[in-house]
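Observations on the three-dimensional arrangement
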Amino acid sequence: MLAYDFMRMAFAASACVALLAGPVGWFLALRGQSFAGHALSHIAFAGAAGAALLGVSPLAGLLGAAVLAGGAMGLTGRETGERDVAIGLVLSLAMGFGVLFLHLMTRSTSTAMALLFGNVLGVSAGMLASLAGAAVGGLAALGALSRPLLFASLQPELAEARGVRLRLVSTLFLMLVGAATAECAQITGVLLVFTLMVGPGAAAQRLGLAPLAGMVCAAVLALGEAWGGLALSWWTDWPVSFWIAVLSVVVFFLAGLRRL
Amino acid sequence: MECEAAVSCHDVTLAIGGRTVLSDVCLSVEAGSFVGLFGPNGAGKTTFLRALLGLVPVLSGEMTLFGASVTRGNRGVGYMPQSRTPNGGMLTGRDLLASGLSGEKWGLPRVSREGSAEVEAALEAVDAASLGGRRLGSLSGGERQRLLIAQTLLGSPRLLLLDEPLASLDPVRMREVALLLREVARKRGMTVICSAHDISPLMGVMDTVLCLVRGRARIGPVDEVVTGPVLSELYGAQVEVCHAPSGRVLVSADGL
Ligand SMILES: Nc1ncnc2c1ncn2[C@@H]1O[C@H](COP(=O)(O)OP(=O)(O)O)[C@@H](O)[C@H]1O
Ligand SMILES: [Mg+2]
């Protein structure tokens, strides 16, 4: 299957995505913010649809909308009770706008399908370069952020007393989640971002590894699921996103079994 | 012999969100003493402790720790916050403690060899070496408290600020934790300020009582403040102090 250019592209692209999505997802699961990650993917959808309508690259729309929305989410308060409702409303609104933008476009169905369910087999060289760039940048940012982020996630008040700027750290993290979401949407589509981002991260959490090992494990799981999905899709001719979703759930349950 | 004051406040006023919580606080805490911090809910215990950490601005007056003005991120101060997050239930006690080792610096959460040795020493100091490998989600309230006390010892602080470390423990566990605190503080020559709701578990552990009531602070030795009349006046309700034949002192209020 690696004889084909589009398959090699697909493997390379999903590697870029998985290596960032895994560790970011580990933190999402740790912080109990997976709903925020879900919401960002819907906002990214609106951004991508809007970009497509304007004739701009959808990937730029995905990235821009998700990163900005992540920043905005981090800057507004952190009363979780109200926040869940606010996030839910914003994500519905974003989905609504996405639908409107697609409606206003003439050739909407294929774009919509690609955005909603991913189009990893249609990755171009330019797109791969931007995915790789985003992955490298995102990993560098996460590398710098992970220490204070871990401290702030486990013991926010103590971290604050030690000089961690909680608002800054959580805002930067959500922007990073936005970037990872936009990347993921390219592979799995916005509707299934959860599978590649939260799935491996939550499974790695369940294994009870120390933080650094857990992040690496999440990256490896995400990579395995993405590549496994591609291979299974090649053999069965069923969609990649379907297989990634199945693998993600299976791995999550297996990780639970390992618990003593 | 003159002792340097661990904490000293001159006419300190603290406010949160434009509301004055404490005003004109004048007090001095002798180095090496164990202070019990009491007051009704909302009296400002947490606010006072957070002000000592530099997290609540001092509106007026002067607040110093060991002669130096209060700064955020002071490594000489250990802190145990009142609220706890449920995050990280799958991580171990060691992971929790290690996350605080220079956790304010940017970078990867790598733990150096000295870092793990420090975590180990802190765990041993509170007899919690066996808890270090357990998952946080599987710990009982008392075990978790023990772990958080170990956490405050990282960096060998001179002053411990403990916000309700006895909350939600059963009476036996409360006493256990209180005695543990006394032992650790004595061994390391630390000054402790420990807030609590119940006075009884800290009897014999603390030597000084700091009461916050209606925006005012009152400090004094235990035998002067923990008496029926003084406490009744402070809380504005009938409070009884009973000396049991065993030597224990029990504090009880009307309406119980
Ligand atoms: N973030 C906040 N914003 C506004 N008011 C607050 C905040 N935190 C505490 N307060 C108020 O400050 C007062 C003191 O609170 P606190 O120090 O938590 O009391 P205690 O710890 O003694 O129960 C209370 O009246 C409380 O309502
Ligand atoms: Mg309090």
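About the cut-offs
- Sequence order sets the numbering: in each chain, residues are counted from 1 along the sequence as written.
- Think of it this way: whatever chain is written first is A, whatever ligand is written first is 1, and the rest follow in order.
- The predicted origin of the model limits local features to residues at a pLDDT of at least 70 and limits the giving and counting of side-chain atom pairs to 80 or more, whereas totals for whole chains, interfaces and linings rest on all residues.
- Hydrogens and water are ignored here; the side-chain numbers use all heavy atoms of the structure.
- The rule for pairing is simple: two strands pair if DSSP sees at least two bridges between them.
- Helical segments are the DSSP runs of H or I of at least four residues, strand segments are the runs of E of at least two, and each set is numbered from the N terminus.
- By the convention used here, residues are in contact when the closest approach between their heavy atoms is within 4.5 Å.
- Here, axes are lines fitted to C-alpha atoms. For helices the fit covers the stretch in contact, and angles between N-to-C directions go from 0 to 180 degrees.
- Burial classes: relative accessible area under 20% of the type maximum marks a residue as buried, over 50% as exposed, and values in between as partly exposed (1.4 Å probe, protein chains only).
- UniProt positions are given in the numbering used here, feature names are shortened, and annotations may be inferred rather than shown by experiment.
- Think of it this way: a Phe, Tyr or Trp ring, Trp meaning its six-membered ring, pairs with another when their centres are within 6.5 Å, and the plane angle makes it stacked under 30 degrees, edge-to-face over 60, tilted otherwise.
- We count a charge as sitting over a ring when the NZ of a lysine or the CZ of an arginine lies within 6 Å of the ring centre and within 35 degrees of the ring normal.
- Each metal's donors are the N, O and S atoms within 2.8 Å of it, or within 3.2 Å when it is Na, K or Ca, and because water is not part of the set, sites may look incomplete.
- Should an angle lie under 35 degrees it is considered roughly parallel, over 145 roughly antiparallel, and from 65 to 115 roughly perpendicular; all remaining angles are considered oblique.
- Should the near helix be turned anticlockwise from the far one by less than a right angle, the crossing is left-handed, and should it be turned clockwise, the crossing is right-handed.
- Residues are sorted three ways: Asp, Glu, Lys and Arg are charged, Ala, Val, Leu, Ile, Met, Phe, Trp, Tyr, Cys and Pro are nonpolar, and all the rest, Gly among them, are polar.

Residues and elements named next belong to chain B. An order of S2-S1-S4-S5 is seen for the four strands of this open sheet, with the pairing classed as antiparallel. Since the sheet does not close on itself, it has two edges, and those belong to strand S2 (19–30) and strand S5 (68–69), each with one partner. Examined bridge by bridge, strand S1 (residues 5–16) and S2 share eight bridges and lie antiparallel to one another. Within S2, the residue paired with Val12 across the bridge is Val25. Packed onto the sheet, helix H1 (residues 45–52) meets S1, S2 and strand S4 (58–65) and runs at close to 120 degrees relative to S1.

Residue and element names in this part refer to chain B. Locating Thr152 in the fold gives a position in helix H4 (residues 141–153). Judged by relative accessible area, which is 1%, Thr152 ranks as buried. The contacts of Thr152, once residues within four sequence positions are left out, are Gly78, Tyr79, Met80, Pro157, Leu160 and Leu162.

For the rest of this paragraph, the subject is the pairing of S4(B). All names here are of chain B. As paired elements, S1 and S4 share six bridges and run antiparallel to each other. Bridge assignment links Leu14 to a residue of S4, and that residue is Val58. Pairing between S4 and S5: two bridges, direction antiparallel. Counted as the bridge partner of Thr64 is Ser69 from S5.

Feature annotation in UniProt places "domain: ABC transporter" (unreviewed entry) on residues 7–239 of chain B, given in this structure's numbering. Structurally, residues 7–239 of chain B is divided into 30% helix and 27% strand, and its ends, taken at the C-alpha atoms, are 29 Å apart.

Residues and elements named next belong to chain A. In total, this model carries 10 aromatic pairs over all chains according to the counting rule given. Both rings, one in Trp238 and one in Phe242, keep their centres 5.7 Å apart while their planes meet at 75 degrees; by these two values the pair is edge-to-face. Residue Trp238 is classed as partly exposed on the basis of its relative accessible area, which comes to 48%. Cluster of aromatic residues (ring-pair linked, three or more members): Tyr4, Phe6 and Trp234. Of note, Arg206 hangs over the ring of Phe252, and the distance from its end group to the ring centre comes to 3.9 Å.

Let us look at the UniProt feature "transmembrane region" (unreviewed entry) in chain A. All names here are of chain A. UniProt marks residues 6–30, 42–73, 85–104, 116–145, 172–197, 209–234 and 240–257 with the feature "transmembrane region" (unreviewed entry), using the numbering shown here. Annotated as 77% helix and 0% strand, the span residues 116–145 places its first and last C-alpha atoms 30 Å apart. Between the end C-alpha atoms of residues 172–197 there is a gap of 17 Å, over a span that is 85% helix and 0% strand.

Moving on to the coordination of the magnesium ion (ligand 2). Metal coordination angles have textbook ideals: 109.5 degrees for a tetrahedral set of four donors and 90 or 180 degrees for an octahedral set of six. All names here are of chain B. The coordination sphere of the magnesium ion (ligand 2) contains the protein donors Thr46 (OG1) and Gln82 (OE1), at a distance range of 2.0 to 2.2 Å. On the criterion of sequence distance, the pair formed by Thr46 in helix H1 and Gln82 in the loop between strand S6 (77–80) and helix H2 (93–99) is long-range, its members being 36 residues apart. What makes Gln82 partly exposed here is its relative accessible area of 35%.

Residue and element names in this part refer to chain A. One way to put it is that helix H9 (residues 193–206) packs onto helix H11 (residues 240–257) with a least axis distance of 8 Å and a crossing angle of 10 degrees. With respect to their mutual orientation, H9 and H11 come out roughly parallel. The chirality of how H9 crosses H11 is left-handed. Residues Thr195, Leu196, Gly199, Pro200, Ala202, Ala203 and Arg206 of H9 pack against Ile244, Ala245, Ser248, Val251, Phe252, Phe253, Ala255 and Gly256 of H11. In the contact of H9 with H11, the residues fall into 10 nonpolar, four polar and one charged.

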